[in-house]
Amino acid sequence: SWCLLFRFFLGFLHLGGLRTALYNYIFAKKHGGSFILRLEDTDRSRLVPGAAEGIEDMLEWAGIPPDESPRRGGMFGPYEQSKRLNLYHEAVQTLLESDMAYRCFCTPQRLELLKKEALRNRETPRYDNRCRHLTTAQIQDKLSKNMPFVVRFQLVEGAQSFKDLVFGWTQHDVASIEGDPVILKGDGFPTYHLANVVDDHKMAVSHVLRGEEWLVSTAKHLLLYRAFGWQPPSYAHLPLLLNKDGSKLSKRQGDIFIQHYAKNGYLPDTLLDIVSNCGSGFLGNQMGRTLPELLEQFELERVSSHSAFIDLSSLPEYNRIHLSKRIDSIESRAELITQLQTVLQEKYKDLTFNKDYIERILILRKGHLCMLTDLLSPNYSYLWIRPSVHLKDLHSLSNEATEIGNLVVGILEKSHNDMNVETLSKDLKIHLQQLKATKCNWLCESCMHLTDKAAVTDTSLWEAGDRQKV
């Protein structure tokens, strides 16, 4: 059993592509197959430097690396279509000899006129198949004059139905609404329609999971399979991934690319969780699922044909859940400690940070952090350097700032290492009668950050006798 992920060599991996990759990966693993990454770089005008490497980098970062790819190799390589041109040219020659394809000499100017005329008449633009009817003599004459041409596939009228594994029985009579499609461009590179059919056959692909936008084109691909006399793979088209408001995810949004989230500290499990949670194929909506749980729950029969909606505003909450899971795990917590130690050292170059202390901070703040980098924010600076808020600033909040400071420091001096928010709050309420004007709820709120003092034992960071600073 083989499973193939289509990725265009046109840009970087985004959330929609990650979801398609995830479903391909899970399907392949559940059925003992191979997850294949094939880079489709035949549109030379739209190549993005670094995109090929970036796609594989992000799949590996997400924990769903392909089994076969340009980087990893495999028995059906090469996995870049630009390196497989001889296969496409052989296939085109086969179609030309069987009169299932023909050379088209129409100029770009003529094709543009056809398009404008159709739009003027409020019709769908389509090629009129003019060159399909050229005689052999006419073709030879144009070739002798070195006239540029493309190769088009001759569509056969009549809808061919097929059973999609998600959308069920489907049929599209493409010949009635489209002109014959180009399968080989003037630069010698194939179009997607030809290349994907040839490669699927040559790579022994059994199942193709791809986006719903390719559902209509599948009829064309099946006609190509019939023309070659090949057995097509099984298709499963995944429903569109949309924004919460129903609009399409746009590459212009900027924040839909996986590199963006990785750079900003989101965890791989977070992205896999949200793209699987907003769709279907799993057991209901359960925030906090990890990849092993997704593997266990996934069934292709559970994938709905309805569009999936993703609420990107909920990403921090997803990340909070998965960050808490990582803090709970001794192995992954060690990775977080090392990571946090590195960024702290970059921020506070003159200080050194003990791993045991960092570990205690992570455990203490578990469930409160959405991002690991939250601990570098000004709100948490008191954990790493001695706070320097002066009494004159605190007096703007309460006239009893000095008394509050003395009270808190006194409690902390007598505290044990197991002090937490609840015990400090309880002690503060017990001593409430010592204060005249300050309300208890304000007191508890103002001292919440000081609660973490219970985890601090490094006297170079805190000095109990320094009562001029909080």
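Refer to the structure above for everything that follows.
Just so we're clear, the structure is a prediction, and the values are computed from it rather than from any experiment.

The helix and strand tally for the protein stands at 17 helices and eleven strands. Looking at the protein alone, contacts between residues at least 24 apart form 73% of all its contacts between residues at least 6 apart. Split by element, the accessible area of the protein, about 23,600 Å² in all, is 51% carbon and sulfur.

As a further point, take the nonpolar core. Within the largest apolar cluster, 46 residues are counted, with the highest numbers of intra-cluster contacts made by Leu15, Leu22 and Ile64. Here the element with the most residues in this core is helix α1 (residues 15-30); it accounts for nine residues. Non-local contacts of isoleucine 64, meaning those with residues more than four positions away in its chain, are made with Leu18, Ala21, Leu22, Tyr25, Phe35, Leu59, Leu272 and Leu291. Leu87, Val174, Val197 and Leu224 belong to the second largest nonpolar core, which has 36 residues in total.

This part takes up the packing of aromatic side chains. Taken as a whole and judged by the stated rule, the model has twelve aromatic pairs. An angle of 15° between the planes, with centres 4.2 Å apart, marks the rings of phenylalanine 228 and tryptophan 230 as stacked. Look at phenylalanine 228 and you get buried, because its relative accessible area is 14%. For the ring pair tyrosine 348 and phenylalanine 353, a centre distance of 6.0 Å and an interplane angle of 50° mean the geometry is tilted. Accessibility expressed as a relative area gives 12% for tyrosine 348, which makes it buried. According to the relative accessible area criterion, phenylalanine 353 is buried, its value standing at 8%. Put simply, the rings of Tyr348, Phe353, Tyr357 and Trp384 pair up and form one aromatic cluster. For arginine 19, the ring lying beneath its charged end belongs to tyrosine 23, and the centroid distance is 5.9 Å. Positioned over the ring face of phenylalanine 149 is arginine 103, at 5.6 Å from the centre of the ring.

Examined against the element boundaries, asparagine 277 turns out to sit in helix α9 (residues 268-277). Within the structure, the side chain of asparagine 277 is placed 3.1 Å from the backbone oxygen of glutamine 286, a separation counted as a polar contact. Looking at asparagine 277, its side chain comes within polar contact range of the side chain of tyrosine 318, at 3.4 Å. Those residues in contact with asparagine 277, other than ones at most four positions away along the chain, are Asn285, Gln286, Met287, Arg289 and Tyr318.

Enumeration over the complete set of coordinates arrives at zero disulfides. Just so you know, cysteine 104 is unpaired, no disulfide at all, and the nearest cysteine sulfur is the one on cysteine 106, 3.8 Å from it.

In this section: helix α12 (residues 330-347). Taking 1.5 Å of rise per residue, the 18 residues of α12 would be expected to cover 26 Å, and the 26 Å separating its terminal C-alpha atoms lies within 8% of that figure. Of the residues making up α12, those classed as buried are Ser332, Arg333, Leu336, Ile337, Leu340 and Leu344. Buried residues in α12, looked at end-on, bunch into an arc of 145°, giving them a common side. For α12, the exposed residues lying more than 90 degrees away from the buried face are Glu331 and Glu346. Buried residues along α12 sit in contact with α11 (315-328) and α13 (355-365).

What follows deals with the packing of helix α3 (residues 85-97) against helix α6 (residues 192-202). Relative placement of two packed helices is described by the angle separating their axes and the distance separating the axes. At a minimum axis separation of 10 Å, α3 and α6 run at an interaxial angle of 105°. On the basis of the axis angle, α3 is roughly perpendicular to α6. Taking contact as the criterion, the partners of Leu87, Tyr88, Ala91 and Val92 in α3 are, on α6, Leu194, Ala195, Val198, Asp199 and Lys202. Residue classes in the contact of α3 with α6 are distributed as seven nonpolar, no polar and two charged.

Here the focus is the pairing of strand β9 (residues 234-238). A large share of β9 lies buried, amounting to four of its five residues. Across five bridges, the pairing between strand β8 (residues 207-211) and β9 is parallel. Paired with valine 208 across the two strands is tyrosine 235, which belongs to β9. Read from β8 through helix α7 (residues 218-228) to β9, the crossover connection turns out right-handed.

About the cut-offs
- Residues numbered from 1 in each chain as written.
- Predicted model: local features only at pLDDT ≥ 70, side-chain atom pairs only at ≥ 80, totals over all residues.
- Heavy atoms only, no water.
- Helix = DSSP H or I, 4+ residues; strand = E, 2+ residues; numbered from the N terminus.
- Contact = heavy atoms within 4.5 Å.
- Areas by Shrake-Rupley, 256 points an atom, 1.4 Å probe, with all protein chains shown as cover.
- Core = buried A, V, L, I, M, F, W, Y, C linked by side-chain atoms within 4.5 Å.
- Buried < 20%, exposed > 50% of the residue type's maximum accessible area, 1.4 Å probe, protein only.
- Phe/Tyr/Trp six-rings, centres within 6.5 Å; stacked < 30°, edge-to-face > 60°.
- Lys NZ or Arg CZ within 6 Å of the ring centre and 35° of its normal.
- Polar contact = N/O pair within 3.5 Å; in protein donor to acceptor, adjacent residues only side chain to side chain.
- Disulfide = S-S within 2.5 Å.
- Expected span 1.5 Å × (residues − 1).
- Arc of directions from axis to C-beta.
- Axes fitted to C-alpha atoms, helices over the stretch in contact; angles between N-to-C directions.
- Parallel < 35°, antiparallel > 145°, perpendicular 65-115°, else oblique.
- Nonpolar A, V, L, I, M, F, W, Y, C, P; charged D, E, K, R; others polar.
- Pairing = 2+ DSSP bridges.
- Right-handed = clockwise from strand over helix to strand, strands pointing away.

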